[in-house]
Amino acid sequence: MYLFQGLRKVKYNEVILVGSGIGSLSTACLLAKSGKKVLVIEQNYLPGGCVSSYWRKGFVFEAGATTLVGLDKGQPLRYLLDTLGIDINARKLTHPMQVRLRNGRIVNRHENIEDWINEAKAEFGYDGQEEFWRLCYDISRFVWDVSIKQRTFPISNIKDLTNCILNASPKQLWNARWAFKSIQDLVIDFGLHYNDDFVDFINAQLLITAQNTMENVNVLFGATALCYTNYGNYYLDGGLISLSNRLIDYLKNHNGDIHFREKVENIHLEADKKYQIKTSKDEYKADFVVSGVPLNNTLQIFDGTLPKRLNEKLMISEQLNSAFQMGIGFKKKKHFDTIHYQIHLQKPLEGIGARTLFVSLNHPDDTTRCDDKDTMVASVSTHWPDPDKNIDFDKSKREQHVIDKLVKHKFFSKEDIVYTHSSTPEAWEKWTGREYGFVGGYPQFMNIKPWQMADARLDKYKAYQVGDSVYPGQGIPGVALSGIIAFEKLKMDWM
């Protein structure tokens, strides 16, 4: 459909979404299901943003996230897929993760909470472990239960408030107190702060899921982050791009579309109360706009027209993490206990300061990730704090450091390696379009309470925001939830 602006013919869609991350695709599919004509515009040649996969030299590597969580009953991704009637062929992992500590000990993370408590006692000592983990698990169950019920949170108008009151319970009010207490406080309460191995373990696990360490993460989000392995962890054949593609298939079958290799450069609300969207290729008009790129980028493309209050929500490079990532193809020579590993390094990775490696392997029964059936693929990443700082970084030296660590931990021998490549923050910025190339979402901070998170409403009119800068630090379930919340608020406001 076209509209005329003067003598120019401009393409029109009811809703245009910027970016094809899981948050954006969640909103797009829910809007398409409700009858809206939807267009997603993606600057990359592949969908998914940080939940994507790509082919290189006979191997399919993950572009960001490698663990699929959120499919359990009552969790956001499960709610989304059930609402849309989408089935995905996900393999449930019997062993979610293995953590290799600096002292040489191995910690096996189990889904079953009783098995995990027994493991934690055996590795970190009996004192305080059971009480700590039972409380964290109970809080995590509460958070996921509330998050899908309170789909207009955080509150920004009277309708949100009314909806929250209707779905409120005394338990919600009681558990709100955990937002004022950090995970570090909880560790101290249970007398675990003197246990150096346990403290290192907690901080390393929080960096994966909350993008910060225990003194900065409140108990509500931190307990949920620490217990993500106590829920169903899944693997998708072909990589996590398979999830993005299933959502895109649904969108295209419900009067929606997606454009690739097209970058949104400017969005402006015109006098006719429609949004003008200029891209690297075309010009559009829309009644609604949903930004699926982080707030840092969103404010740039809206060209200073959004409320000043949003500037307070932005984060600078010093607060964010990017990643040094390696993709490694190697000859299959052994059986692995799991496909996800976290390795604690004896010394920080030189030039970055990262203290852990996260390693994800392809599932042994997935024949789509390698052209040669006798090979495997590893996606390896480590946090890169303050990615905008200037450092002298020798990429080949860091690659060799990572390979040496994986050889030491007997993932493969150097002779088994078939192919390698690596990425720095500059590559992440190019791939995702995110300022500073940051990954993993906005970190959790104690001074930002859940009700102080950025609202899905951008301009108090018809522009909305989704993604991991709105609902930060909880991975795929969190960004799916952000998409569900944006849809609910848009529907409540205008439909």
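The structure this text deals with has already been given above.
Report follows, based on the coordinates. Only a predicted model underlies this, so the values are computations on that prediction, with no experimental measurement involved.

A closer look at the packing of aromatic side chains
- Inspection of the entire model under this criterion finds 24 aromatic pairs.
- Taken together, a centroid distance of 6.2 Å and an interplanar angle of 40° make the contact between phenylalanine 59 and phenylalanine 61 tilted.
- For the ring pair phenylalanine 132 and tryptophan 133, a centre distance of 5.1 Å and an interplane angle of 90° mean the geometry is edge-to-face. Each member of the pair, phenylalanine 132 as well as tryptophan 133, carries the same accessibility label: buried.
- For arginine 434, the ring lying beneath its charged end belongs to phenylalanine 438, and the centroid distance is 4.9 Å.
- The lysine or arginine in question, lysine 462, covers the ring of phenylalanine 288, its NZ or CZ lying 5.0 Å from the ring centre.

Overview of the sheet that holds strand E6 (residues 68-69)
- In spatial order, the strands read E6-E10-E7; together these three strands make up an open sheet with antiparallel pairing. Across the chains shown, the open sheet's two edge strands, defined by having one partner strand only, are E6 and strand E7 (90-92).
- Where E6 and strand E10 (residues 233-236) come together, two bridges link them in antiparallel fashion. Looking at E10, one finds that leucine 68 is bridged to tyrosine 234.

Notes on helix H8 (residues 196-209)
- The end-to-end C-alpha separation of H8 is 20 Å, in line with the 20 Å expected for 14 residues at 1.5 Å each.
- Where H8 is concerned, the buried positions are Phe198, Val199, Phe201, Ile202, Asn203, Ala204, Gln205, Leu206 and Thr209.
- At the exit of H8 stands glutamine 211, carrying a positive phi of roughly 60°.

Topic: unusual backbone geometry
- Of note, the bond from phenylalanine 153 into proline 154 is cis; its omega dihedral lies within 30 degrees of zero at 5°.
- Locating proline 154 in the fold gives a position in the loop between helix H4 (129-149) and helix H5 (158-166).
- A positive phi is found at arginine 261, a non-glycine position, where the angle reads about 55°.
- Within the secondary structure, arginine 261 sits in the loop between strand E11 (256-259) and strand E12 (264-269).
- Backbone geometry places aspartate 386, a non-glycine residue, at a positive phi of 50°.
- Among the secondary structure elements, aspartate 386 is positioned in the loop between strand E18 (375-385) and helix H12 (395-408).

A closer look at the environment of lysine 274
- With respect to the helices and strands, the residue lysine 274 is situated in the loop between E12 and strand E13 (275-279).
- Judged by its relative accessible area of 22%, lysine 274 falls in the partly exposed class.
- The sequence separation of lysine 274 and tyrosine 12 amounts to 262 residues, and the corresponding C-alpha distance is 9.8 Å.
- There is a polar contact of 2.5 Å between the side chain of lysine 274 and the side chain of aspartate 287.

A look at the side chain of serine 52
- Within the secondary structure, serine 52 is located in the loop between strand E3 (38-41) and strand E4 (53-56).
- A relative accessible area of 0% means that serine 52 is categorised as buried.
- Within polar-contact distance, the side chain of serine 52 engages the backbone oxygen of proline 47 at 2.7 Å.
- Setting aside its immediate chain neighbours within four residues, serine 52 contacts Leu46, Pro47, Phe61, Glu62, Ala63, Gly64, Ile241 and Trp431.

Some words on the sheet that holds strand E15 (residues 321-331)
- In space, the seven strands of this open sheet follow the order E9-E8-E16-E17-E18-E15-E19, with mixed pairing throughout. The open sheet has two edge strands with one neighbour each: strand E9 (106-109) and strand E19 (417-423). Across the sheet, the mean angle separating the axes of adjacent strands is 20° when strand polarity is ignored.
- For strand E8 (residues 97-100) and E9, the ladder comprises four bridges, and the chain directions are antiparallel.

Quick look at the pairing of strand E5 (residues 59-62)
- On E5, burial covers both faces: Phe59 and Phe61 on one face and Val60 and Glu62 on the other are all buried.
- Where E4 and E5 come together, four bridges link them in antiparallel fashion. Counted as the bridge partner of arginine 56 is phenylalanine 59 from E5.
- Between the antiparallel neighbours E4 and E5 lie two residues, among them lysine 57 with a positive phi of about 50°.

Section: helix H2 (residues 76-84)
- All buried positions along H2 are accounted for by Pro76, Leu77, Leu80, Leu81 and Leu84. End-on view of H2: buried residues confined to an arc of 125°, all on one side of the axis.
- Contacts made by the buried residues of H2 are with helix H1 (22-33), E6, H4, helix H10 (241-252) and helix H14 (475-494).
- Count one or two residues on from H2 and you reach glycine 85, which has phi positive near 70°.

Side note on the pattern of salt bridges
- What the rule picks out here adds up to 28 salt bridges.
- The closest approach of N and O atoms between lysine 285 and aspartate 272, which form a salt bridge, is 3.0 Å. Linking lysine 285 in strand E14 (residues 283-291) with aspartate 272 in the loop between E12 and E13, this pair joins segments that are 13 residues apart in sequence.
- For lysine 285, a relative accessible area of 5% corresponds to the buried category.
- Residues arginine 398 and glutamate 350 are paired through a salt bridge, measuring 3.6 Å at the closest nitrogen-oxygen approach. One end of the pair, arginine 398, is in helix H12; the other, glutamate 350, is in the loop between strand E16 (340-344) and strand E17 (356-361), with 48 residues separating them in the sequence.
- A residue is classified by how much of its surface remains accessible, and arginine 398, at 3% relative accessible area, is buried.
- Take glutamate 350: its relative accessible area is 46%, and that puts it in the partly exposed class.
- One salt-bridge network, in which partners are shared between bridges, spans Asp160, Asp455, Arg457, Lys489 and Asp493.

The rules we used
- Residues numbered from 1 in each chain as written.
- Predicted model: local features only at pLDDT ≥ 70, side-chain atom pairs only at ≥ 80, totals over all residues.
- Heavy atoms only, no water.
- Phe/Tyr/Trp six-rings, centres within 6.5 Å; stacked < 30°, edge-to-face > 60°.
- Buried < 20%, exposed > 50% of the residue type's maximum accessible area, 1.4 Å probe, protein only.
- Lys NZ or Arg CZ within 6 Å of the ring centre and 35° of its normal.
- Pairing = 2+ DSSP bridges.
- Helix = DSSP H or I, 4+ residues; strand = E, 2+ residues; numbered from the N terminus.
- Expected span 1.5 Å × (residues − 1).
- Polar contact = N/O pair within 3.5 Å; in protein donor to acceptor, adjacent residues only side chain to side chain.
- Contact = heavy atoms within 4.5 Å.
- Axes fitted to C-alpha atoms, helices over the stretch in contact; angles between N-to-C directions.
- Arc of directions from axis to C-beta.
- Salt bridge = Lys/Arg side-chain N within 4 Å of Asp/Glu carboxyl O.

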